[in-house]
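So the chains spell out like this:
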Amino acid sequence: MKKEVMALKIMFKNGETWTINKGLIGDLWIKHIAKSFGRIGNSDFQEIFPCESLKIEIFPEADRTNSSDINLGGLETGMFERAVKNPDIEKMDILYKDGEKADSTDVVAEETVYFPYEAIDSDRIDNAHQSSFISKENKLYIVIDKNKTAKEIYKEKF
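Being a predicted model, the structure only gives us computed values, none of them experimental.

Q: How should the nonpolar core be read in this particular structure?
A: Buried together is how nonpolar side chains tend to be arranged in soluble globular proteins. Trp18, Ile20, Ile58, Phe115 and Ile142 are the most contacted members of the largest nonpolar core, which totals 24 residues. Contributions of two or more residues to this core are made by β1 (3-12), β2 (17-21), β6 (53-58), α2 (79-85), β7 (89-98) and β10 (140-144). In terms of residues, this core owes the most to one element, β7, which gives four residues. One finds Phe133, Tyr141, Ala150 and Tyr154 within the second-largest nonpolar core, a separate group that totals five residues.

If you want it as structure tokens, here you go:
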């Protein structure tokens, strides 16, 4: 079986999720994904994939919630506004389908990538490394990086 990326499922610190089909994603760069192996406390051993940074461009058609996602704030404001107002993206699942079946919509594999995370304040929700904005073309730009912001990386879009 040949795996093919079908969507990205963004996970927020408060438990909300946002699944974005690959056709609604423009620019994407996930920098330096590493593979770690371990466990916390008495949990099962697991592979963990931390990365150095993320930059992503999301098209306006993705500014909606999916019935399969858990959305608290996204239902009221839309997912773009939610991502801009609440910088709490913690991790993302890369969802794969069977690439040998053209009409396949079933997820056959997934990998979770963890982003750099540093809490801004004592509530430990918002991430100091995440920045985002909505462009004049209504595209969402998100950057999770310790050294650069969305406005620095996508300055021509701002």
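Q: Quick question: what am I supposed to make of the pattern of salt bridges here?
A: If the charged atoms of two oppositely charged side chains come close together, the side chains can form a pair. Overall, the coordinates contain ten salt bridges when judged by the stated rule. Glu4 serves as the salt-bridge partner of Lys97, at 3.9 Å between the closest nitrogen and oxygen. Taken together, the residues span a long stretch of sequence, with Lys97 in strand β7 and Glu4 in strand β1 at a distance of 93 residues. A relative accessible area of 24% means that Glu4 is categorised as partly exposed.

Q: What am I meant to see in the side chain of Ser53 here?
A: Among the secondary structure elements, Ser53 is positioned in strand β6. Judged by relative accessible area, which is 6%, Ser53 ranks as buried. Side-chain polar atoms of Ser53 contact the side chain of Asp145, separated by 3.4 Å. In contact with Ser53, not counting residues within four places along its chain, are Trp29, Ile30, Lys31, Pro116, Ile144 and Asp145.

Q: Would you mind going over the pairing of strand β8 (residues 109-114) with me for this structure?
A: Every regular strand shows the same layout, with side chains that alternate between the two sheet faces. In this structure, strand β5 (residues 46-50) lies alongside β8, joined through two bridges in parallel fashion. The partner of Pro50 across the bridge, within β8, is Tyr114. Direction of pairing for β7 relative to β8: antiparallel, over a ladder of six bridges. Bridging across to β8, Asp93 finds its partner in Thr112.

Q: How should I be thinking about the layout of surface pockets in this particular structure?
A: Vacant regions in the atomic arrangement are exposed by a probe of water-molecule size rolled over the atoms. Estimates place the volume of the largest pocket at around 220 Å³. Taken together, Trp29, Lys31, Glu52, Ser53, Leu54, Lys55, Asp145, Lys146, Asn147, Lys148 and Ile153 form the lining of the largest pocket. Those elements that place two or more of their residues in the lining of the largest pocket are β3 (25-31) and β6. Among the elements that make up the lining of the largest pocket, the one with the highest residue count is β6 (three residues).

Q: Looking at this structure, how should I read the sheet that holds β8?
A: Paired through their backbone hydrogen bonds, the strands of a sheet run either parallel or antiparallel. With respect to topology, six strands assemble into an open sheet ordered β2-β1-β7-β8-β5-β4, the strand pairing being mixed. For this open sheet the edge positions go to β2 and β4 (36-38), each flanked by a neighbour on one side alone. Mean inter-strand twist for the sheet, computed between neighbouring axes without regard to direction, equals 35°. Judged from the five bridges that link them, β1 and β2 form a sheet pairing that is antiparallel. Looking across to β2, one finds that Lys9 is bridged to Thr19.

The rules behind these values
- Residues numbered from 1 in each chain as written.
- Predicted model: local features only at pLDDT ≥ 70, side-chain atom pairs only at ≥ 80, totals over all residues.
- Heavy atoms only, no water.
- Core = buried A, V, L, I, M, F, W, Y, C linked by side-chain atoms within 4.5 Å.
- Buried < 20%, exposed > 50% of the residue type's maximum accessible area, 1.4 Å probe, protein only.
- Helix = DSSP H or I, 4+ residues; strand = E, 2+ residues; numbered from the N terminus.
- Salt bridge = Lys/Arg side-chain N within 4 Å of Asp/Glu carboxyl O.
- Polar contact = N/O pair within 3.5 Å; in protein donor to acceptor, adjacent residues only side chain to side chain.
- Contact = heavy atoms within 4.5 Å.
- Pairing = 2+ DSSP bridges.
- 1 Å grid on protein atoms, 1.4 Å probe; cavity = no way out; pocket = protein on both sides within 12 Å on 5 of 7 lines; lining within 4 Å.
- Points joined across faces, edges and corners; volume = space filled by probe spheres on them.
- Axes fitted to C-alpha atoms, helices over the stretch in contact; angles between N-to-C directions.

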